[in-house]
Amino acid sequence: VAVGVGARAGDREARHILTKARAAALITHDEHRGRPAAALLAALRADLADLGHHVVVPRFEHGVDAPILRDGTPAGPPHTDFPDRLGPDEMWLINSTSGTTGLPKCVMHTQNRWWYFHQCAVEIGDLTEDEVFMAAIPAPFGFGQWTSHFTPAYLGVPTVSMERFDTALALKLIERERVTVLCAVSTQFRMLLA
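Residues numbered from 1 in each chain as written. Predicted model: local features only at pLDDT ≥ 70, side-chain atom pairs only at ≥ 80, totals over all residues. Heavy atoms only, no water.

Caption draft 1: Main features of the overall build of the chain. Scanning the chain for helices and strands turns up six helices and 12 strands. In terms of C-alpha radius of gyration, the chain reaches 18 Å, essentially the compact-globule figure of 16 Å for 194 residues. The buried share among the 194 residues of the chain stands at 34%. Considering only contacts in the chain between residues 6 or more positions apart, those separated by 24 or more positions represent 58%. Accessible surface, the chain: about 12,600 Å² in total, of which carbon and sulfur atoms supply 56%. Side chains of the chain carry 18 positive and 22 negative charges; the gap between the two charge centres is 9 Å. (Helix = DSSP H or I, 4+ residues; strand = E, 2+ residues; numbered from the N terminus. Rg over C-alpha atoms; globule rule 2.2 N^0.38 Å. Buried < 20%, exposed > 50% of the residue type's maximum accessible area, 1.4 Å probe, protein only. Contact = heavy atoms within 4.5 Å. Areas by Shrake-Rupley, 256 points an atom, 1.4 Å probe, with all protein chains shown as cover. Lys, Arg positive; Asp, Glu negative; His and termini not counted. Charge placed at Lys NZ, Arg CZ, Asp CG, Glu CD.)

Quick look at the structure:
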């Protein structure tokens, strides 16, 4: 089961989410909020007895040849033997709310839930295989998961994304990539319109 933690989560929020989910591994970039990911791991490890591994995925600017690290050493090729697949009504994802009213809440998801969201979006939005999506929302949250991954993957269409929302860059990408579906929150729409 994957557990999504927002990129802006501080130590307290990350600790809360990972403790509730009994996380077995932490997957990060080499930095988190401007400090080395190893410092985040050190801050969390004392309270997370189940946390066994730290996987570091290189940022884009490190290039395609930068290795993925597992516990500080380059990871080998992925396993090809996978366990039994999860059923469509079994939990496969725990993502967190943004925590705007306190600590983030852990939200459990099944594949069928996301399939239903996808079907509703296609019907209500009259979406087709000719769309180009742009996701301006952080991926770990529910809306970001749907807009960045599920519906575009089901439709087989591209998704334009940015590492961090930037109004000027978003406008350039919308025009350059001919975005037809912009997934953003009202604050971002207002910034773009301004």
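Structure's up, so let's keep going.
Caption draft 2: A nonpolar patch on the surface, seen in detail. A grouping of Val1, Met91 and Met108 is seen on the molecular surface, where their side chains present a nonpolar patch of about 310 Å² in accessible area. Looking at where methionine 108 falls in the secondary structure, it is placed in strand E9 (residues 106-110). (Patch = residues over 30% accessible without salt bridge, like charges linked within 9 Å, V, L, I, M, F, W, Y side chains within 5 Å. Salt bridge = Lys/Arg side-chain N within 4 Å of Asp/Glu carboxyl O.)

Caption draft 3: Up close: the pattern of salt bridges. Considering all chains together, one arrives at four salt bridges under this definition. Residue arginine 35 is joined to aspartate 11 by a salt bridge in which the shortest nitrogen-to-oxygen separation is 2.3 Å. You can see arginine 35 sitting in strand E4 (residues 35-36) and its partner aspartate 11 sitting in helix H1 (residues 11-21), a full 24 residues away along the chain. Its relative accessible area of 26% is what places arginine 35 among the partly exposed residues. Linking arginine 15 and aspartate 47 is a salt bridge whose minimum nitrogen-to-oxygen distance equals 2.7 Å. Placement of the pair is arginine 15 in helix H1 and aspartate 47 in the loop between helix H2 (37-45) and strand E5 (53-56), with a sequence separation of 32 residues. Given the relative accessible area of 24%, arginine 15 is considered partly exposed. For aspartate 47, a relative accessible area of 45% corresponds to the partly exposed category.

Caption draft 4: Local environment of the sheet that holds E5. Reading across from one edge, E2-E5-E6-E7 is the order of the four strands in this open sheet, with mixed pairing throughout. Among the strands making up the open sheet, the edge pair consists of strand E2 (25-28) and strand E7 (73-74). Pairing of E5 with strand E6 (residues 69-70), which is carried by two bridges, proceeds in the antiparallel orientation. Its bridge partner lying in E6, valine 56 is registered against leucine 69. Sitting on the sheet, H2 touches E2 and E5, and the angle it makes with E2 is about 155°. (Pairing = 2+ DSSP bridges. Axes fitted to C-alpha atoms, helices over the stretch in contact; angles between N-to-C directions.)

Caption draft 5: Representation of the nonpolar core in the model. Core analysis: the largest hydrophobic core is formed by 12 residues, namely Leu93, Trp114, Ala121, Leu127, Phe133, Ile137, Trp146, Phe150, Leu155, Val157, Val181 and Cys183. Within the residue set of this core, elements represented by two or more residues are helix H3 (111-125), helix H4 (142-155) and strand E12 (181-183). Leave out the neighbours within four places in its chain, and phenylalanine 150 touches Trp92, Trp114 and Gln145. Leu18, Leu26, Leu40 and Leu44 belong to the second largest nonpolar core, which has nine residues in total. (Core = buried A, V, L, I, M, F, W, Y, C linked by side-chain atoms within 4.5 Å.)

Caption draft 6: Structural context of the environment of phenylalanine 60. For phenylalanine 60, the location among the structural elements is in the loop between E5 and E6. A residue is classified by how much of its surface remains accessible, and phenylalanine 60, at 80% relative accessible area, is exposed. Between the alpha carbons of phenylalanine 60 and glutamate 163 there is a distance of 9.6 Å; along the sequence they are 103 residues apart.

Caption draft 7: Layout of the side chain of histidine 109. Locating histidine 109 in the fold gives a position in strand E9. Judged by its relative accessible area of 2%, histidine 109 falls in the buried class. At a separation of 2.8 Å, a polar atom in the side chain of histidine 109 contacts the side chain of arginine 113. Among all residues touching histidine 109, those that are not within four sequence positions of it are Glu90, Met91, Trp92, Leu93, Asn95 and Trp114. (Polar contact = N/O pair within 3.5 Å; in protein donor to acceptor, adjacent residues only side chain to side chain.)

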